[in-house]
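# Structural characterization, general
Listed below are the residues making up each chain.
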Amino acid sequence: MKSEWFWLVGGILVAVGLLFMIGAFGDTGFGLVLDGVQQQASETYSKYGYDASLQVQLTSNGWTSLICLFVGAALLVGANATAWEDTEGY
């Protein structure tokens, strides 16, 4: 019963992490952050004359995404580590 919860929670955390990374809950996981404010590439280009792609960094959703992905993956690996015991040698 214990490993089923690891599978469920791990899968949910990985899914939520992916949604945070692509921006389903607000800003994407990566963004152009200039002067502490996330900006669109087109807006930055019109202001500064370049796309500022070197200033791309992790946003707060990016950090949340990485945490969810790593914890979810660890739970899934932990659940799978003892799954062979349920097969009774087959």
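Overview of the structure. (Residues numbered from 1 in each chain as written. Predicted model: local features only at pLDDT ≥ 70, side-chain atom pairs only at ≥ 80, totals over all residues. Heavy atoms only, no water.)

### Focus on the overall build of the protein
- On a plain count of helices and strands, the protein comes out with three helices and three strands.
- Along the protein, helices and strands appear, N-terminal first, in the series α-β-β-α-β-α.
- Every one of the 90 residues in the protein was classed for burial, and the buried ones make up 22%.
- The contacts of the protein with a sequence gap of at least 6 include a subset with a gap of at least 24, amounting to 60%.
- A total of about 6,300 Å² of accessible surface is found on the protein, and carbon and sulfur atoms cover 67% of it. (Helix = DSSP H or I, 4+ residues; strand = E, 2+ residues; numbered from the N terminus. Buried < 20%, exposed > 50% of the residue type's maximum accessible area, 1.4 Å probe, protein only. Contact = heavy atoms within 4.5 Å. Areas by Shrake-Rupley, 256 points an atom, 1.4 Å probe, with all protein chains shown as cover.)

### Focus: helix α3 (residues 60–81)
- The terminal C-alpha atoms of α3, which comprises 22 residues, lie 32 Å apart, in line with the 32 Å expected from a rise of 1.5 Å per residue.
- All buried positions along α3 are accounted for by Asn-61, Gly-62, Ser-65, Cys-68, Gly-72, Leu-75 and Ala-79. Buried positions in α3, seen along its axis, are confined to an arc of 160° and lie on one side of it. For α3, the exposed residues set more than 90 degrees away from the buried face come down to Trp-63, Ile-67, Phe-70 and Val-77. (Expected span 1.5 Å × (residues − 1). Arc of directions from axis to C-beta.)

### Re the environment of Thr-82
- In this fold, Thr-82 is placed in the segment after α3.
- For the pair Thr-82 and Ser-3, spaced 79 residues apart in sequence, the C-alpha separation works out to 8.4 Å.

### Quick notes on the environment of Met-21
- With respect to the element layout, Met-21 can be found in helix α1 (residues 2–22).
- With 38 residues separating them in the primary sequence, Met-21 and Thr-59 have C-alpha atoms 9.5 Å apart.

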